[in-house]
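Breakdown of the fold
One letter stands for each residue in the lines below.
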Amino acid sequence: MAWGSGVYGRFVVKGTKAHLARAERLQGATGALATAAMAAMDAKLPWFGTLSAQDRSWIGLVAQSGISAFVEWFRDPDAHSSMPTRIFGSAPREFTRVISLHQTVDLVRTTIETIETTIGTLLPPDDVPIVHEAIQRYAREVAFAAATVYAQAAEMRGAWDARLEALLVDSVIRGEADESVRSRASALGWTGAAGTTGSAEVAVVVGRAQTTDTTSNLADMVRQAAREAGADALCAIQGDRLVVVLGGTSKPVEIVQKLAHWFGPGPIVVGPVVKDLMSAVTSARAAVAGLRAAAAWPAAPRPVQADELLPERSLSGDGHARRQLANEIYGPLTVGDGVLLDTVSAYLDSGGSIEATARAMFIHANTVRYRLKRVADITAYNPLDPRDAFTLRVALTLGRLLNPEPGSAVL
């Protein structure tokens, strides 16, 4: 029976005394070949010497296993056809994290070159051409085996990273983030440092998830787009919503505008910026509440900040939004003699007419304008703007319901 037909210049009859004797001679040279291969790795590969003793020993074990497997394969290729794919079984799973696929290819190449240059001193001259041709074919199979090992490791690592990322985002949403979240996020590429926009702050973004992509692919694309825009990102799909935790930016809306096409149809709500990942629950809570209430403002921009939805959030039962409106708008207007509160109330009650407000309060129209400008300066909401006027109306109503003392905060 011909072995190596179409590959070898010489045909070898498997099982003959000559072939078995050649395999035995090759078996006797395995120790010397393994030693020479390790020495060549140390001399030719600069990164090899930086590995720990344990990692170097594992690589030596793989090299020795590969050479021994080659001998068995050489002895009977049909019986050991799967041998090249099994030589990496002696290395632990962490082996693929120690060296890259490119470095593994360098190891295989160095080992093969060492065998080719050393075999002439260890075997009779008649054996060398046959063994040389066999090692060329075997090296190709080993290369395919290495690629398979790394592909499987990458697939497993990707699945684990996706689960870890989903757990991290869930911890942020639930407010259960602790110090371990920092290290786990770092393992996923979260730098925790200032991005290209010069900030290390964090904001949570919530919107509808696309239904045409798989969870892992969609999350990968969002992360890549965020990275290109200069921000860190952690992503998770929770039911029908996509949650993105952005880091390294104090202007999350600008980043989200570049990510919007990865979200499904409907509103995209950006939570307020907080100082770090540990405080992200505040941003997440506002973003989730904003997404729930966004339907009440059909003309809302996309993306929209959660604080722009304070009236809708308060009407949908968000206690944090109610307190924020009362504290940030109603409370400051009660300070002093309350003339600003009376003026903006009269203005809203008069349907937004400055003249009607002036008549009702027996003051000049310019005085009304001045006081309304003061209201805008103090609250950041302009009574002359219809949307801001609506927010002011809701804030004044809530402030009266919660009945705080003049100038005090609502708890």
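An account of the accompanying structure is given in this report. (Residues numbered from 1 in each chain as written. Predicted model: local features only at pLDDT ≥ 70, side-chain atom pairs only at ≥ 80, totals over all residues. Heavy atoms only, no water.)

The full count for this structure, using the stated rule, is two aromatic pairs. A centroid spacing of 6.3 Å and a plane angle of 70° characterise the contact between W47 and F48, whose relative ring orientation is edge-to-face. Each member of the pair, W47 together with F48, is buried. Measuring from ring centre to ring centre gives 6.1 Å for F70 and F74, while their planes differ by 50°; the resulting arrangement is tilted. (Phe/Tyr/Trp six-rings, centres within 6.5 Å; stacked < 30°, edge-to-face > 60°. Buried < 20%, exposed > 50% of the residue type's maximum accessible area, 1.4 Å probe, protein only.)

A few words now on the packing of helix α2 (residues 30-44) against helix α3 (residues 53-75). Where α2 contacts α3, the two axes come as close as 9 Å, and the packing angle between them is 140°. Relative to α3, α2 is oriented oblique. Considering only the axes of α2 and α3, their crossing is right-handed. Facing T30, L33, A34, M38, M41 and D42 of α2, the residues of α3 in contact are R56, I59, G60, A63, Q64, I67 and V71. Here the residues of the contact of α2 with α3 sort into eight nonpolar, three polar and two charged. (Axes fitted to C-alpha atoms, helices over the stretch in contact; angles between N-to-C directions. Helix = DSSP H or I, 4+ residues; strand = E, 2+ residues; numbered from the N terminus. Parallel < 35°, antiparallel > 145°, perpendicular 65-115°, else oblique. Left-handed = near helix turned anticlockwise from the far one by under 90°. Contact = heavy atoms within 4.5 Å. Nonpolar A, V, L, I, M, F, W, Y, C, P; charged D, E, K, R; others polar.)

Turning our eyes to something else, we now look at helix α1 (residues 17-28). The end-to-end C-alpha separation of α1 is 16 Å, in line with the 16 Å expected for twelve residues at 1.5 Å each. For α1, the set of buried residues is H19, R22, A23 and L26. Viewed end-on, α1 has its buried residues packed into an arc of 100°, placing them on one side of the element. Of the exposed residues in α1, the ones pointing more than 90 degrees away from its buried face are K17 and G28. (Expected span 1.5 Å × (residues − 1). Arc of directions from axis to C-beta.)

Time to look at helix α13 (residues 319-333). The terminal C-alpha atoms of α13, which comprises 15 residues, lie 21 Å apart, in line with the 21 Å expected from a rise of 1.5 Å per residue. At N327, α13 shows its maximal kink, close to 30°. Inspection of α13 places A321, Q324, L325, A326, I329, Y330, G331 and L333 among the buried residues, and these make up the whole buried set. Where α13 begins, the capping side chain belongs to D318, and its oxygen is found 3.0 Å from the backbone nitrogen of H320. (Bend = angle between axes of the 7 residues up to and from the residue. Polar contact = N/O pair within 3.5 Å; in protein donor to acceptor, adjacent residues only side chain to side chain.)

The next subject is the sheet that holds strand β6 (residues 263-270). What the five strands build is an open sheet, ordered β4-β5-β3-β6-β7; its pairing is mixed. Strands at the two margins of the open sheet, each flanked by one partner only, are β4 (232-238) and β7 (304-305). Both β6 and β7 contribute to a ladder of two bridges, which runs parallel. Bridge pairing links V269 to V304 in β7. Packing against the sheet, helix α10 (residues 252-259) makes contact with β3 (202-209), β5 (241-247), β6 and β7, and its axis sits at approximately 175° to β6. The sheet strands contacting helix α11 (residues 280-293) are β3, β5 and β6, and the helix crosses β3 at an angle near 30°. (Pairing = 2+ DSSP bridges.)

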